[in-house]
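Observations on the three-dimensional arrangement
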Amino acid sequence: MKFFKELGVSEKTIQAIEDMGFEKPTPIQESSIPLALNNEDILGQAQTGTGKTGAFGIPLVEKVKKGEGVQALILAPTRELAAQVGEQLKAFAKYKKLNVNVIFGGMSIAKQIGDLKRKPEIIVGTPGRVIDHINRRTLRLDSINTLVLDEADEMMNMGFIDDVTFIMDKLPKGNVQTLLFSATMPKAIQELVTRFMHDPKIVKTMNQNDSDPQIEEHYTIVKELEKLDTFVDFLDVHRPELAIVFGRTKRRVDELTSALIAKGYQAEGLHGDITQSKRLEVLKKFRNDALQILVATDVAARGLDISGVSHVYNFDIPQDAESYTHRIGRTGRAGKEGMALTFVNPVEMGYVRLIEETKKKKISPLRPPNKNEVEAARKASIFEKIRKWQEKEINAESYKLATELVTEFEPQEVIATLVNEFLYRKDDDNIQLSFEKPLSRRSTKGDGKHPYKRGGNRKDNRGSKRRSGNQGGKGYHKNKKSSNRTRTFKDHMK
Ligand SMILES: Nc1ncnc2c1ncn2[C@@H]1O[C@H](COP(=O)(O)OP(=O)(O)OP(=O)(O)O)[C@@H](O)[C@H]1O
Ligand SMILES: [Mg+2]
């Protein structure tokens with residue numbers, strides 16, 4: 001393993017990356033940086049959480065010159081990812097003092113126009129808002145010499161391809177270096193991708209053990225009506241530090257979030273119909289450990305790097321192996337360990353097989369915890385919680401109330417009542433989710449075809465207002481077994 005210096009990275013940038021805690025390059029960085037510095041086009045593939053942002057970001061920061069106009073454009077599929085990549089690039093460029101602007105929808109366009117007037121050297125954005133600025137002539141691409149597509153296969157997917165080609169057409173002809181990265185690169189997409197590049201170098205650092213994400217992968221078979229209770233049982237037994245739970249639709253995310261809150265968990269939802277300021281606020285809370293469970297659609301599947309995510313749950317199984325890879329890749333990052341658990345309706349087993357075939361890896365079955373295990377875990381967590389809470393200063397009012405309570409009731413009775421609420425609120429049978437149709441049965445033999453075609457509303461990330469409409473309203477339903485609405489999968493993506 002080499003050091004950054006040996007890869008041709010300058011002192012200033014090495015200083016910046018050392019400040020970030022990077023000592024040595026990861027394998028994808030080691031292979032990509034020298035090629036990128038040599039102005040080659042790169043198609044880079046490496047597992048989730050192995051430093052692809054640095055693989056394109058470090059050489060890009062090296063190449064860009066301060067004060068010479070807009071030179072690099074990085075496109076990402078979601079606003080949250082654009083914001084995160086922007087932050088990393090700013091950190092890489094700290095001593096070169098480059099100006100990095102992040103532009104995406106849902107935020108004030110006037111402010112972005114003002115920022116763009118100052119000619120940032122690097123722009124990170126989502127395609128929709130970038131096109132907006134091109135059309136308003138507030139962003140000119142004629143001095144761009146580097147284009148990056150992060151999550152390249154997603155950017156070449158149905159919802160984005162037209163926007164991305166529109167932007168590429170506006171770039172100067174001839175000498176733009178293109179750097180395309182993703183953890184997944186289905187064959188069909190790879191051919192498309194290379195058409196946009198000049199003799200690209202294909203860099204794949206997949207099966208190198210030291211960069212393998214350490215993710216323990218499991219599935220559990222569960223019927224739709226038992227999903228919520230089983231999930232809560234697993235949560236109590238696993239006691240995740242931070243967890244991301246993926247639901248198939250926006251309605252599902254809303255309902256699951258409300259149900260978890262009603263059962264006493266700290267949870268918030270993230271999907272394309274939530275206002276942008278709320279989306280950013282939720283993610284900030286999650287990053288700062290002020291929120292334990294993030295419930296999300298696939299909008300959170302790609303690229304997000306949040307340390308402390310110990311568990312990923314697919315409350316609903318994703319319909320293709322790529323989505324699975326990205327979702328579970330939110331844990332087990334930068335050499336850390338993680339656990340992923342997928343809930344599978346019996347008719348969906350074909351999808352587990354598809355994922356196993358594509359990834360050439362077995363996912364092992366896990367039986368739901370039994371009553372005793374759940375009780376033991378909940379009891380243990382009460383002790384743990386009380387010890388933790390006692391570290392905080394206890395409000396004088398609380399002491400006063402405690403005295404009043406024990407004057408009126410037996411102390412044991414008071415505690416037993418509180419414990420009962422804490423432990424058994426979770427078993428409230430009245431909290432139900434609307435029925436969500438399982439994925440349609442798939443042949444378990446594997447038909448050799450890649451089901452890569454997906455929902456047509458991928459653009460939803462950038463225009464949350466565009467598809468508001470009826471999202472199932474109130475969240476979870478009390479005393480309502482199933483509302484059996486027939487809505488298609490596509491209607492609810494993101
Ligand atoms: N050389 C390095 N040394 C130490 N940590 C690193 C290094 N490079 C990257 N990291 C850290 O590893 C984590 C994952 O990096 P990054 O987000 O770039 O992964 P990725 O490959 O883009 O993953 P994904 O496929 O999910 O987008 C980040 O927290 C990053 O700061
Ligand atoms: Mg990434």
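Source: prediction; values computed, not measured.

What the protein chain contains, in helices and strands, is 18 helices and 16 strands. Among the 494 residues that make up the protein chain, the fraction classed as buried is 53%. Sequence-distant contacts, at least 24 apart, represent 80% of the contacts inside the protein chain between residues at least 6 apart. Accessible surface, the protein chain as shown: approximately 23200 Å² in total, 51% of it carbon and sulfur.

This part takes up the sheet that holds strand β1 (residues 42-45). Spatial strand order, β3-β4-β2-β5-β6-β1-β7: seven strands in an open sheet with parallel pairing. Strands at the two margins of the open sheet, each flanked by one partner only, are β3 (100-103) and β7 (201-204). Taken pair by pair, the neighbouring strands of this sheet meet at an average axis angle of 15°, ignoring direction. Sheet topology note: the strand β5 (residues 146-150)/strand β6 (residues 177-182) ladder contains five bridges and is parallel. Bridge assignment links Leu 147 to a residue of β6, and that residue is Thr 178. Running over the sheet, helix α4 (residues 79-92) touches β2 (72-75), β3, β4 (122-125) and β5 and is turned about 175° from β3.

With burial as the criterion, each face of β2 is covered, one bearing Ala 72 and Ile 74 and the other bearing Leu 73 and Leu 75. Where β2 and β4 come together, four bridges link them in parallel fashion. Each bridged residue has a counterpart across the sheet, and for Ala 72 the counterpart in β4 is Ile 122. For β2 and β5, the ladder comprises four bridges, and the chain directions are parallel. Following the sheet pairing, Leu 73 is matched in β5 by Leu 147.

This part takes up the UniProt feature "short sequence motif: Q motif" (unreviewed entry) in the protein chain. When the UniProt feature table is mapped onto this chain numbering, "short sequence motif: Q motif" (unreviewed entry) sits at residues 2-30. Taken end to end, residues 2-30 has its terminal C-alpha atoms 7 Å apart, with 45% of it in helix and 0% in strand.

This part takes up the packing of aromatic side chains. What the rule picks out here adds up to seven aromatic pairs. Geometrically, the ring pair formed by Phe 234 and Phe 343 is edge-to-face, given 5.9 Å between the ring centres and 80° between the ring planes. Residue Phe 234 is found in helix α10 (residues 227-238), and its partner Phe 343 is found in strand β13 (residues 337-344); the two are separated by 109 residues along the sequence. The same class applies to Phe 234 and to Phe 343, which are both buried. Each residue in the set Phe 231, Phe 234, Tyr 313, Phe 315 and Phe 343 is aromatic and connected to the rest through ring pairs, giving one cluster. The aromatic ring of Phe 166 is capped on one face by Lys 170, whose charged end is 4.2 Å from the ring centroid. The ring centre of Phe 315 lies 5.3 Å from the NZ or CZ of Lys 227, which sits over that ring.

What follows concerns the environment of Phe 22. For Phe 22, the location among the structural elements is in the loop between α1 (11-19) and α2 (27-37). Taking C-alpha positions, Phe 22 is 9.8 Å from Gly 54, a pair spaced 32 residues apart along the chain.

With that out of the way, let us pick up the environment of Phe 166. On the secondary structure map, Phe 166 appears in helix α8 (residues 158-169). Taking relative accessible area as the criterion, Phe 166 reaches 26% and is therefore assigned partly exposed. Separated by 115 residues in the primary sequence, Phe 166 and Glu 281 have C-alpha atoms spaced 32 Å apart. In contact with Phe 166, not counting residues within four places along its chain, are Ile 131, Ile 134 and Asn 135.

Let us look at the pattern of salt bridges. Tallied over the full model, the rule gives 35 salt bridges. Across the salt bridge formed by Glu 154 and Arg 302, the nearest N and O atoms sit 3.9 Å from each other. Taken together, the positions of Glu 154 in helix α7 (residues 152-155) and Arg 302 in the loop between β11 (293-296) and β12 (309-314) put the pair 148 residues apart, joining distant regions of the chain. Among the ionic contacts, a cluster of salt bridges with common partners joins Glu 151, Asp 153, Glu 154 and Arg 302.

On to the site of ligand 1, then. By nearness alone, 21 residues border ligand 1, and Lys 24, Lys 52, Thr 53, Asp 305 and Arg 333 come closest of all. The separation between an oxygen atom of ligand 1 and a polar main-chain atom of Gly 51 is 3.2 Å. The side chain of Gln 88 places a nitrogen or oxygen atom 3.4 Å from an oxygen atom of ligand 1. Within the complex, 87% of the 640 Å² of free accessible area of ligand 1 lies under protein. Across the shell around ligand 1, the residue classes tally to five nonpolar, ten polar and six charged.

Below, the discussion takes up the domain arrangement of the protein chain. The assigned domain composition of the protein chain is domain 1 (1-204) and domain 2 (215-371). Between the C-alpha centres of domain 1 and domain 2 the distance comes to 28 Å. Contacts between domain 1 and domain 2 engage 18 residues on the former and 18 residues on the latter. When the two sides are added together, the surface that domain 1 and domain 2 hide from each other amounts to roughly 1500 Å², 55% of it contributed by carbon and sulfur. It is Thr 48, Glu 80 and Gln 84 in domain 1 that bury the most area against domain 2; as a group they hold 39% of the surface buried on that side. Run the count over domain 1 and domain 2 and you get four salt bridges. Applying the counting rule to domain 1 against domain 2 returns ten residue pairs in polar contact (both at pLDDT 80 or more). Sorting the residues of the side of domain 1 that touches domain 2 by element identifies α4 and α7 as the ones contributing at least two each. Considering every element that reaches the side of domain 1 that touches domain 2, the biggest residue donor is α4, with four residues. Among the residues forming the side of domain 1 that touches domain 2, the class breakdown is five nonpolar, eight polar and five charged.

Rules and cut-offs
- Residues numbered from 1 in each chain as written.
- Chains lettered and ligands numbered in written order.
- Predicted model: local features only at pLDDT ≥ 70, side-chain atom pairs only at ≥ 80, totals over all residues.
- Heavy atoms only, no water.
- Helix = DSSP H or I, 4+ residues; strand = E, 2+ residues; numbered from the N terminus.
- Buried < 20%, exposed > 50% of the residue type's maximum accessible area, 1.4 Å probe, protein only.
- Contact = heavy atoms within 4.5 Å.
- Areas by Shrake-Rupley, 256 points an atom, 1.4 Å probe, with all protein chains shown as cover.
- Pairing = 2+ DSSP bridges.
- Axes fitted to C-alpha atoms, helices over the stretch in contact; angles between N-to-C directions.
- UniProt positions renumbered as here; feature names shortened; annotations may be inferred.
- Phe/Tyr/Trp six-rings, centres within 6.5 Å; stacked < 30°, edge-to-face > 60°.
- Lys NZ or Arg CZ within 6 Å of the ring centre and 35° of its normal.
- Salt bridge = Lys/Arg side-chain N within 4 Å of Asp/Glu carboxyl O.
- Near = heavy atom within 4 Å.
- Polar contact = N/O pair within 3.5 Å; in protein donor to acceptor, adjacent residues only side chain to side chain.
- Nonpolar A, V, L, I, M, F, W, Y, C, P; charged D, E, K, R; others polar.
- Domains from an automatic or database assignment.
- Buried area = accessible area lost by both parts, 1.4 Å probe.

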